[in-house]
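Survey of secondary and tertiary structure
The primary structure of each chain is shown beneath.
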Amino acid sequence: MQSNPEKELVEAAVGGDIESFGELCRRYYAAMVAVAYAVLSDHQLAEDAAQESFARAIVRLRALNDKSRFVPWLAVICRNVAKDMVAAKAKQISTEDLSQVAEKNSDDEYIFAVRRAIEQLPDASRELVVLRYYNSLSYEQISSILGISQAAINGRLARAKRKMTEYLRKNGFPENRL
């Protein structure tokens, strides 16, 4: 029978071992920041969302039925926290904020075009792009975090890149920069 160190840490944390939960936090904090960043596009807010996710997870840890599925379960919590933050932030956007965005200088034009292309992707695709290309996670790591197969990751990333290329072409992005 194979040992599952993640499951053992979760079971120990459920049993009250705070050090085990601390180790889970250390192992998966960066991945949860990446998951939140895919939704929020703001590193500071993504860190806040990751921290809030761990706080919620420790409270709900006993409710996790399959202890070997901790990371995908935590990613769902993190995604939901980030979406809640987006909804709260959307209520606070003013017209002044929108005019400041329009005033960005042209040096940043390409960066913003790519960000807009990423932002137009469905949540699941955007999350994969951020995890793979912004956080340099391997397919194996992404598979562990999201609980999907590496083949599914490959196919979804290919579709996401096609959608981004189409978006950039439609919005006048130079062909030599695609």
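Residues numbered from 1 in each chain as written. Predicted model: local features only at pLDDT ≥ 70, side-chain atom pairs only at ≥ 80, totals over all residues. Heavy atoms only, no water.

Description of the overall build of the protein chain
Helix and strand counts for the protein chain come out as 9 helices and 0 strands. When the helices and strands of the protein chain are placed in sequence order, the string is α-α-α-α-α-α-α-α-α. Here the protein chain, with 178 residues, has 35% of them falling under the buried criterion. Long-range pairs, those at least 24 residues apart, make up 62% of the contacts in the protein chain with a sequence separation of at least 6. Accessible area for the protein chain stands at about 10800 Å²; split by element, carbon and sulfur atoms hold 48% of it. (Helix = DSSP H or I, 4+ residues; strand = E, 2+ residues; numbered from the N terminus. Buried < 20%, exposed > 50% of the residue type's maximum accessible area, 1.4 Å probe, protein only. Contact = heavy atoms within 4.5 Å. Areas by Shrake-Rupley, 256 points an atom, 1.4 Å probe, with all protein chains shown as cover.)

Thoughts on the packing of aromatic side chains
Within this structure, the stated rule accounts for 3 aromatic pairs. Geometrically, the ring pair formed by Phe21 and Phe54 is edge-to-face, given 6.3 Å between the ring centres and 80 degrees between the ring planes. On the criterion of sequence distance, the pair formed by Phe21 in helix H2 (residues 18-40) and Phe54 in helix H3 (residues 43-60) is long-range, its members being 33 residues apart. Accessibility expressed as a relative area gives 6% for Phe21, which makes it buried. (Phe/Tyr/Trp six-rings, centres within 6.5 Å; stacked < 30°, edge-to-face > 60°.)

Some words on the pattern of salt bridges
A side chain of one charge can pair with a side chain of the opposite charge when the charged atoms of the two come close. Per the stated rule, a full pass over the model turns up 6 salt bridges. Where Arg27 meets Glu23, a salt bridge forms, and the shortest distance between an N and an O atom there is 3.1 Å. Here the residue Arg27 and the residue Glu23 both occupy positions in helix H2, the gap between them amounting to 4 residues, near one helical turn. Of the charged contacts in the structure, one is a salt bridge between Glu127 and Arg79, with a shortest N-O distance of 2.5 Å. One end of the pair, Glu127, is in helix H7 (residues 123-134); the other, Arg79, is in helix H4 (residues 70-90), with 48 residues separating them in the sequence. Here Arg79 falls in the buried class, since its relative accessible area comes to 18%. Here the salt bridges share partners, and the residues they tie into one network are Glu23, Arg26 and Arg27. (Salt bridge = Lys/Arg side-chain N within 4 Å of Asp/Glu carboxyl O.)

Observations concerning a nonpolar patch on the surface
A grouping of Ile18, Ile58 and Val59 is seen on the molecular surface, where their side chains present a nonpolar patch of about 300 Å² in accessible area. In this structure, Ile58 sits in helix H3. (Patch = residues over 30% accessible without salt bridge, like charges linked within 9 Å, V, L, I, M, F, W, Y side chains within 5 Å.)

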